[in-house]
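The lines below spell out each chain.
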Amino acid sequence: QYVGLVVGGVALSVLTCGLYLPWFITRLMKFFCEGVSHSFHLMTFRGKAMRLFAITILTYVLPMVAVAVIMQQTVLLDPANFSFDMMSFTPLLGLGVVLVELFCVSLFVVLLCRWWVDVTYGDKIITTRMSALPATGYIVWQLVLSLLTVGLYAPMASLRTMQYVAERSVVVGADGEEKRMGLRLRSWRDWAWMWGQVLLLVVTLGIYLPWYYAKTMNRFGGRLYVEEPRSIWKGR
C-alpha cells in the first residue's frame with residue numbers, strides 16, 4: 001500500500017509539475033499517522049492539503065520568484081543612468097537577497113511545522129503554540145550558523161529546530177488542559193550521529209534512505225516526552 005501510494009503520488013506530482021505535491025505529502029502524513037496508536041487510540045492527522053499548498057505558494061514560491069525577477073531586472077539596468085557606482089552597490093544587493101531568502105525559507109519552515117503538528121488521538125489533540133516571528137528569527141539564526149560553518153553545523157540546526165518545535169507543542173485534553181511537550185537531545189553526540197547517517201546516505205547514493213528514516217525516528221521519537229499536568233504551558 002505504501003509503495004503504491006508513493007509511486008502514484010510521485011507520478012501525479014511529475015504530471016502536474018509539482019502542483020499535486022501538497023496533496024501527496026498530506027496523504028503520506030495521514031498514512032503514517034493511521035499506523036500509530038497511543039493508549040489504544042489510533043492517531044489521525046488533521047492537516048489540509050489546500051492549506052499546505054497556500055503556505056508553499058505564498059511563503060516560498062512567490063517570494064523566490066519575486067527575488068529572481070528583481071535580480072534579473074537589476075542586472076539589465078544601465079549603470080550610466082545612475083549617479084552612484086553600481087559595482088559598489090552589488091554586494092549590498094546580494095546581501096539583501098540572501099537575508100530575504102533566509103527569512104522566507106525560515107518562515108516557510110515555521111508554517112510547515114505548524115501545519116504538521118496537528119494530530120488527534122482519542123479525545124486529545126497534539127498542536128503547537130509556536131509564534132511565527134520569534135520562531136522565524138530562531139530558524140534564521142540556525143541557518144546563518146550553518147552557512148558560517150560551511151554546512152558543518154547543519155545537522156545540529158535541524159536537531160535544534162526539532163527541539164524548538166517540540167518544546168512549544170502541547171497535548172490538549174477534552175477538558176482544555178494543556179500538557180507541554182519536549183525533546184531530549186545529547187547535543188554533540190547527536191550531531192556526530194546525524195553526520196554519520198548523512199555520510200551513509202551519500203556513500204550509498206540514497207539507497208540507505210529507508211534505514212536513515214527508521215533509525216532517526218527511533219532515536220529521537222523515543223525522546224519526546226509530555227510533562228505532568230502541573231507544568232502547564234503558559235505560551236510566549
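Here, every reference points to the structure presented above.
As the structure is a computational prediction, the values presented were derived from the model and not from experiment. (Residues numbered from 1 in each chain as written. Predicted model: local features only at pLDDT ≥ 70, side-chain atom pairs only at ≥ 80, totals over all residues. Heavy atoms only, no water.)

J.: Just to check I follow, could you spell out the layout of surface pockets for this structure?
T.: The gaps of empty space that remain are located by a probe, the size of a water molecule, rolled over the atoms. What the largest pocket holds in volume is close to 2200 Å³. The dominant element in the lining of the largest pocket, judged by the number of residues it contributes, is helix H8 (residues 209-221), at eight residues. Looking at the lining of the largest pocket residue by residue, the classes come out as 35 nonpolar, seven polar and four charged. (1 Å grid on protein atoms, 1.4 Å probe; cavity = no way out; pocket = protein on both sides within 12 Å on 5 of 7 lines; lining within 4 Å. Points joined across faces, edges and corners; volume = space filled by probe spheres on them. Helix = DSSP H or I, 4+ residues; strand = E, 2+ residues; numbered from the N terminus. Nonpolar A, V, L, I, M, F, W, Y, C, P; charged D, E, K, R; others polar.)

J.: Would you explain the packing of aromatic side chains in this entry?
T.: Here a ring pair, both rings aromatic, is described through the centre-centre distance and the interplanar angle of the planes. Under the definition given, this model contains eleven aromatic pairs. Pairing Trp193 with Phe220 gives two aromatic rings, centres 5.9 Å apart and planes at 80°, and the pair type is edge-to-face. Here Phe220 lies in helix H8 and Trp193 lies in helix H7 (residues 187-203), a separation of 27 residues in the sequence. When sorted by exposure, Trp193 lands in the same class as Phe220, which is buried. (Phe/Tyr/Trp six-rings, centres within 6.5 Å; stacked < 30°, edge-to-face > 60°. Buried < 20%, exposed > 50% of the residue type's maximum accessible area, 1.4 Å probe, protein only.)

J.: Looking at this structure, how should I read the environment of Ser169?
T.: With respect to the helices, strands and loops of the structure, Ser169 is situated in strand S5 (residues 169-172). Among the residues examined, Ser169 registers a relative accessible area of 3% and is labelled buried. Taking the C-alpha atoms as reference, Ser169 lies 7.7 Å from Val117; in sequence the two are 52 residues apart. Beyond its immediate chain neighbours, meaning those up to four positions away, Ser169 contacts Val117, Thr127, Thr128, Lys179, Arg180 and Met181. Separated by 2.8 Å, the side chain of Ser169 and the backbone oxygen of Val165 make a polar contact. (Contact = heavy atoms within 4.5 Å. Polar contact = N/O pair within 3.5 Å; in protein donor to acceptor, adjacent residues only side chain to side chain.)

J.: Please clarify how the packing of helix H5 (residues 132-148) against helix H6 (residues 154-167) should be interpreted in this entry.
T.: Angle between the axes and distance between the axes are the two parameters that describe a pair of packed helices. In contact at an axis separation of 8 Å, H5 and H6 are set at 165° when each is read in the N-to-C sense. Classified by the angle their axes make, H5 and H6 are roughly antiparallel. In the crossing of H5 with H6, the sense of the turn from one axis to the other is right-handed. Within the contact between the two elements, H5 uses Pro134, Ala135, Tyr138, Ile139, Gln142 and Ser146 and H6 uses Ala154, Met156, Ala157, Arg160, Thr161 and Tyr164. When its residues are assigned to classes, the contact of H5 with H6 shows eight nonpolar, three polar and one charged. (Axes fitted to C-alpha atoms, helices over the stretch in contact; angles between N-to-C directions. Parallel < 35°, antiparallel > 145°, perpendicular 65-115°, else oblique. Left-handed = near helix turned anticlockwise from the far one by under 90°.)

J.: Mind showing me how you'd approach the pattern of salt bridges here?
T.: Pairing is possible between side chains of opposite charge, provided their charged atoms come close. Summed over all chains, the structure comprises six salt bridges. Among the salt bridges present, the one from Arg129 reaches Glu178, with a minimum N-O distance of 2.4 Å. Of this pair, Arg129 sits in the loop between strand S4 (124-128) and H5 while Glu178 sits in strand S6 (residues 178-183), and the two are 49 residues apart along the sequence. The exposure class assigned to Glu178 is buried, which follows from its relative accessible area of 17%. Taking the shortest distance from any N to any O, the salt bridge between Arg168 and Glu167 comes out at 3.8 Å. (Salt bridge = Lys/Arg side-chain N within 4 Å of Asp/Glu carboxyl O.)

Fair warning: the whole summary comes from geometry, so function is off the table for now.
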